[in-house]
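Remarks on the overall topology
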Amino acid sequence: MGIATVTAVTAFGVASWHANAAPSPGPGTAAAEQARVSDPDPGPEPATGVGRDALTSGEVDRARELAVTPELAAGAEDVTGAKGPEYLSADVLADGGGRRAELYYYDYKTDKLVKQVVDLKAGKLAESYSAAGMQRPASEREVATALDMLLADPLAAELKNAYQKATGKQFAGKDGLTVKAHVYKARPADTGAADCGKHRCLQLVVETADGLFIDVNDIIIDLSGRTVARLK
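Sequence positions are assigned chain by chain, starting from 1 and proceeding in written order. This being a predicted model, a pLDDT of at least 70 is required before a residue's local features are given, and a value of 80 or more before pairs of side-chain atoms are given or counted; all residues contribute to the totals for chains, interfaces and linings. Side-chain measures were taken over the full set of non-hydrogen atoms in the model, leaving aside hydrogen atoms and water.

1. Here we look at the overall build of the protein
Under the convention used in this document: A helix here means a DSSP run of H or I that spans at least four residues, while a strand means a run of E at least two residues long, and both kinds are numbered starting from the N terminus. The cut-offs for exposure are 20% and 50% of the maximum accessible area for each residue type, with area from a 1.4 Å probe on protein chains only; residues under the lower value are buried, those over the upper are exposed, and the others partly exposed. Contacts: residue pairs with any heavy atoms within 4.5 Å of one another. Computed with a 1.4 Å probe, the accessible areas rest on the Shrake-Rupley method; for each residue, only the protein chains presented here act as cover.
Counting its secondary structure elements, the protein contains five helices and nine strands. The linear arrangement of helices and strands in the protein, starting from the amino end, is α-α-α-β-β-β-β-α-α-β-β-β-β-β. The buried share among the 232 residues of the protein stands at 35%. Restricting the contact set of the protein to residue pairs at least 6 apart, pairs at least 24 apart contribute 50%. By element, 55% of the accessible surface of the protein is carried by carbon and sulfur atoms, the whole surface being about 14,400 Å².

See below:
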């Protein structure tokens, strides 16, 4: 009798579990069709970051104001030849010294990389460095300038021919192209771009709107010397 009772209770428990586990009947599948919540709006960007947070746009603007001193603004030149250094990039300086930023510029007048360390909390330029022969990734304006220099040079014919070969279409201008660049440093065997490294030189990476890459690897644009050359 005891065994029968246990068996009955067990059977009842299993039946109850199955009943509870089964989907409850209802008008449709409301539980399965719960509304999906999209990513919430992050809201406005904070004015300042904290610790090692990336610099906010406001911090970058403020850092650039502090970094370009009157002396640097008057004595340096950017990629267009205008007064002031060419801005390259800004990053938070993770040195545990508060909210500080390091900004990089290129001075085309002296062919030097300039690094300015700004203390955002104190609102002042903290450190300044410059060195020849050092390079950082190109700015968008440097890339655009290099492309314009190439298109104005007789070697543009090589870009146009490569474009036609890749796409089967006549080159109709730079609209629709996506252009990036590598900073180029001369190798010992280079004769067409021997000053690159001392000068600021770019090697373009050109992509069409269809995702095709145009081979112009042998063409080097010397932004410092304002020349375009083919590697030999």
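2. With respect to the confidence of the model for the protein
Counted only if it meets this: One confidence number per residue, pLDDT, is output by the predictor and ranges from 0 to 100.
Chain-level statistics for the protein give a pLDDT mean of 85 and a share of 77% at 70 or above. Considering only residues more than four positions removed or in separate chains, one finds that residues 1-25, a stretch of pLDDT under 50, has zero contacts.

3. Quick notes on the state of the cysteines
Under the convention used in this document: By convention in this document, the label disulfide applies to cysteine sulfur atom pairs within 2.5 Å.
A full pass over the atoms with the stated rule returns one disulfide. Paired through a disulfide, Cys 196 and Cys 201 show a sulfur-sulfur distance of 2.2 Å. With the S-S bond torsion at -85°, the cross-link from Cys 196 to Cys 201 turns out left-handed. For Cys 196, a relative accessible area of 6% gives the class buried.

4. Quick look at unusual backbone geometry
Not every positive phi belongs to a glycine, and Asp 111 is a case in point at roughly 55°. Secondary-structure assignment places Asp 111 in the loop between strand 2 (100-107) and strand 3 (112-119). Since its relative accessible area comes to 14%, Asp 111 is described here as buried. Phi angles above zero are rare outside glycine, and Arg 226 is one such case at about 55°. A residue is classified by how much of its surface remains accessible, and Arg 226, at 45% relative accessible area, is partly exposed.

5. Section: the pairing of strand 6 (residues 201-207)
Threshold: Following DSSP output, two strands are said to pair if at least two bridges run between them.
Most of strand 6 is tucked away: five of the seven residues are buried. By the bridge criterion, six bridges tie strand 5 (residues 178-183) to strand 6 in an arrangement that is antiparallel. When the sheet's bridge partners are listed, Thr 178 is paired in strand 6 with Glu 207. Two elements, strand 6 and strand 7 (residues 213-214), share two bridges in a ladder whose sense is antiparallel. Bridge pairing in strand 7 links Glu 207 to Phe 213.

6. As for helix 2 (residues 57-67)
Our working rule: Of all possible arcs, the one meant is that of the directions from the helix axis to the C-beta atoms.
For helix 2, every residue scored as buried is listed here: Glu 59, Val 60, Ala 63, Leu 66 and Ala 67. Projected down its long axis, helix 2 carries its buried residues within an arc of 125°, all on one side.

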